[in-house]
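Breakdown of the fold
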Amino acid sequence: MTTSTNGAFDRKPFIAGNWKMNMDHVQGITLLQKLAWTLSDAKHDYNRVEVAVFPPFTDLRGVQTLVQGDDLHIAYGGQDLSPFDSGAYTGDISGQFLNKLGCAYVLVGHSERRTIHNESDDVLNAKVKAAFKHGVTPVLCVGEGLEVRQAGTHVDHTLQQLRAGVAGLANEQAAELVVAYEPVWAIGTGEVAGPEDAQEMCAAIRAELESLFGAETAGKPRLLYGGSVKANNAAAILQERDVDGLLVGGASLDPAEFANIVRFESHLVTD
Ligand SMILES: O=C(CO)COP(=O)(O)O
């Protein structure tokens with residue numbers, strides 16, 4: 001039987017919605033408004049569970065205006081950033097632009113960036129550093145594909161991505177980092193890694209951070225799970241000791257479903 005962590009989280013739970021390439025800037029505002037209303041009706045305590053959304057770049061200005069205008073306590077961030085500050089990099093977005101738009105976070109190395117855009121570990125390490133340089137907290141995404149999982153080398157594979165991503169970070173940066181474990185075979189497939197799979201990897205990530213940065217620092221970063229998370233499986237995953245939050249794709253496009261995930265505590269098993 002899993003042990004409830006209700007009321008005893010070591011780190012503030014973090015529930016993030018990655019909208020991917022969905023929602024134009026008009027739809028994005030409607031979605032965010034509905035989410036905010038739903039959470040407000042449910043009297044959600046943002047001090048207890050942090051909420052963030054990752055809309056497409058073109059939505060960010062509208063999101064900022066809504067968040068500021070309505071004094072929402074929902075954080076937001078970009079889905080990617082350039083490793084460079086500015087210059088002749090057509091199509092790229094600088095971390096300083098994200099900071100200026102009030103982005104608290106930025107996704108780095110989502111599996112769709114690693115596979116579709118062939119982003120290498122070196123580039124991703126540069127992106128992590130660029131995010132910190134510009135005052136935006138990176139959410140470093142790591143995780144194995146199906147073949148690696150079937151070969152049983154998923155922990156080694158994922159830790160290698162982690163080590164490469166955090167290479168050269170100062171302890172204060174490592175403490176602020178967010179890491180999202182997203183097994184590629186569980187993304188958008190309906191195939192959820194079991195809570196024990198999420199726990200196994202998050203514990204391994206925490207142990208690796210400890211060996212790199214020491215125990216005090218390693219206790220601070222929040223570790224998320226992502227991959228086919230829905231309201232009906234969120235609580236079980238979050239009950240695991242080393243899982244501090246969730247990175248939600250498809251279900252974050254439905255405000256009622258996402259709000260239910262944010263309110264996972266009402267589904268926790270208490271013993
Ligand atoms: O990739 C993900 C979040 O970044 C997970 O996506 P799904 O929740 O749609 O499986």
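For the structure, check the block above.
First, a word on what this report is: a plain description of the structure on this page. (Residues numbered from 1 in each chain as written. Predicted model: local features only at pLDDT ≥ 70, side-chain atom pairs only at ≥ 80, totals over all residues. Heavy atoms only, no water.)

**Thoughts on the site of the ligand**
Test applied: Near residues are defined by distance, with any heavy atom within 4 Å of the molecule or strand qualifying the residue. Side-chain atoms alone can form a polar contact between residues adjacent in sequence; in general such a contact is a pair of N or O atoms within 3.5 Å, and within protein one must be able to donate a hydrogen while the other accepts it. Classification used: nonpolar for Ala, Val, Leu, Ile, Met, Phe, Trp, Tyr, Cys and Pro, charged for Asp, Glu, Lys and Arg, polar for all others including Gly.
In the region of the ligand, the neighbouring residues are Asn18, Lys20, His110, Glu182, Ala186, Ile187, Gly188, Gly227, Ser228, Leu247, Gly249 and Gly250. Here Gly188 contributes a backbone N or O atom positioned 2.6 Å from an oxygen atom of the ligand. Interatomic distance of 2.8 Å between a backbone N/O atom of Gly250 and an oxygen atom of the ligand. Across the shell around the ligand, the residue classes tally to 3 nonpolar, 7 polar and 2 charged.

**Let's talk about the layout of surface pockets**
In plain terms, the rule: Points on a 1 Å grid over protein atoms alone make up a cavity when a 1.4 Å probe fits among them but cannot get out, and a pocket when they form an open set with protein on both sides within 12 Å along at least five of seven lines; lining residues each have an atom within 4 Å of a point. Grid points are joined across faces, edges and corners, and a volume is the space filled by probe spheres set on the points. A run of H or I in DSSP becomes a helix once it reaches four residues, and a run of E becomes a strand once it reaches two; helices and strands are each numbered from the N terminus.
Of the voids in this model, the largest pocket is the one considered here, and its volume is about 400 Å³. What lines the largest pocket is a set of 15 residues, and nearest its centre among them are Lys20, Met21, Gln79, Arg113 and His117. Per-element tally for the lining of the largest pocket: the top contributor is helix H4 (residues 111–116), with 3 residues. Taken together, the residues of the lining of the largest pocket sort by class into 6 nonpolar, 5 polar and 4 charged.

**Considering unusual backbone geometry**
What counts is decided by this rule: Exposure classes here rest on a 1.4 Å probe applied to the protein chains alone. A residue is buried below 20% of its type maximum, exposed above 50%, and partly exposed in between.
Its identity is not glycine, yet Asn118 carries a phi of approximately 50 degrees, on the positive side. Structurally, Asn118 is set in the loop between H4 and helix H5 (121–133). You can call Asn118 exposed: its relative accessible area is 64%. With phi around 55 degrees, Ser228 is a residue other than glycine that occupies positive phi space. By the secondary structure assignment, Ser228 is in the loop between strand E7 (222–226) and helix H11 (231–238). Residue classification places Ser228 among the buried positions, given a relative accessible area of 11%.

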